[in-house]
Amino acid sequence: AQSVSQHNHHVILSEAASLELGCNYSYGGTVNLFWYVQYPGQHLQLLLKYFSGDPLVKGIKGFEAEFIKSKFSFNLRKPSVQWSDTAEYFCAVNSGNNDMRFGAGTRLTVKP
Amino acid sequence: DAGVTQSPTHLIKTRGQQVTLRCSPKSGHDTVSWYQQALGQGPQFIFQYYEEEERQRGNFPDRFSGHQFPNYSSELNVNALLLGDSALYLCASSLGPAGRYEQYFGPGTRLTVT
């Protein structure tokens, strides 16, 4: 069955540190990939998405993600985090059948 | 432009009861998906409605059912509630199938089953 793994449950960084959150999925066919973010007290919102084309995708607020098909990965990166990036981050995968699978989420805490 | 709205915000029910949760999609959206998010977990896909029909369903029992109205709003019904149904229920709307279009999420309904 299709599944999504986010290996980091809780990440703590200082401001200006670089961020990489891992996401791996277990589906061999064509996939659409997403990263969602949930800031404290707010709704889930889309950070970025990959459907096809350039495997390096840029999203809002300086985030980017790289799709590596051979590794079934879609890791999220940001070169320099800010306190305001403190949030929960969810990776999601869809295989084209409208069934969106989310990972368990990674809680990011950025210390000022 | 109102985003996705859900009602009620919180709900407490007893085991065995039935519950109905409501969702109004973002203006212009015709597709509604429902998710269950248990504490400390990511959202789990329940089902998706488009053109008033269930188009896709996740791994949830028949106790979970839904409906979409002509104005694209939607209801999620859960029968014979179990303690394990306690969760945040999220509604998301999109312009089309969830896999190809950005989903906009509502604030959720927190259901507690005692």
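The following paragraphs examine the structure supplied in this document. In this text the structure is predicted, and so the values were computed from the model without any measurement.

## Observations concerning the packing of aromatic side chains
- Following the criterion strictly, the structure yields 13 aromatic pairs over all chains and no others.
- Ring centres of tyrosine 36 of chain A and phenylalanine 105 of chain B lie 5.4 Å apart, and the angle between their planes is 85°; this geometry places the pair in the edge-to-face category. Linking tyrosine 36 of chain A in strand β5 (residues 32-38) with phenylalanine 105 of chain B in strand β10 (residues 104-105), this pair reaches from one chain into another.
- Tyrosine 36 of chain A sits in the buried class, given a relative accessible area of 0%.
- Here the aromatic rings of tyrosine 35 of chain B and phenylalanine 105 of chain B are separated by 5.6 Å at their centres, their planes lie at 45°, and the arrangement is tilted. In this pair, tyrosine 35 of chain B sits in strand β4 (residues 31-37) while phenylalanine 105 of chain B sits in strand β10, placing the two residues 70 residues apart along the sequence.
- The exposure class assigned to tyrosine 35 of chain B is buried, which follows from its relative accessible area of 0%.
- Through successive ring pairs, a cluster of aromatic residues spans Phe34, Tyr36, Phe51 and Phe102 of chain A together with Tyr35, Phe45 and Phe105 of chain B.
- One residue, lysine 26 of chain B, lies across the ring of tyrosine 104 of chain B, its end atom 5.1 Å from the ring centre.

## Thoughts on the pattern of salt bridges
- Inspection of every chain in the model, using the stated rule, returns eight salt bridges over all chains.
- In this structure, the salt-bridge partner of arginine 77 of chain A is glutamate 66 of chain A, at a minimum N-O distance of 3.1 Å. Pair noted here: arginine 77 of chain A is in strand β9 (residues 73-78) and glutamate 66 of chain A is in strand β8 (residues 64-68), with a separation of 11 residues, a long-range link.
- You can call glutamate 66 of chain A partly exposed: its relative accessible area is 28%.
- Between glutamate 54 of chain B and arginine 57 of chain B there is a salt bridge whose closest N-O contact spans 3.1 Å.
- Judged by relative accessible area, which is 35%, glutamate 54 of chain B ranks as partly exposed.

Rules behind the numbers
- Residues numbered from 1 in each chain as written.
- Chains lettered and ligands numbered in written order.
- Predicted model: local features only at pLDDT ≥ 70, side-chain atom pairs only at ≥ 80, totals over all residues.
- Heavy atoms only, no water.
- Phe/Tyr/Trp six-rings, centres within 6.5 Å; stacked < 30°, edge-to-face > 60°.
- Helix = DSSP H or I, 4+ residues; strand = E, 2+ residues; numbered from the N terminus.
- Buried < 20%, exposed > 50% of the residue type's maximum accessible area, 1.4 Å probe, protein only.
- Lys NZ or Arg CZ within 6 Å of the ring centre and 35° of its normal.
- Salt bridge = Lys/Arg side-chain N within 4 Å of Asp/Glu carboxyl O.

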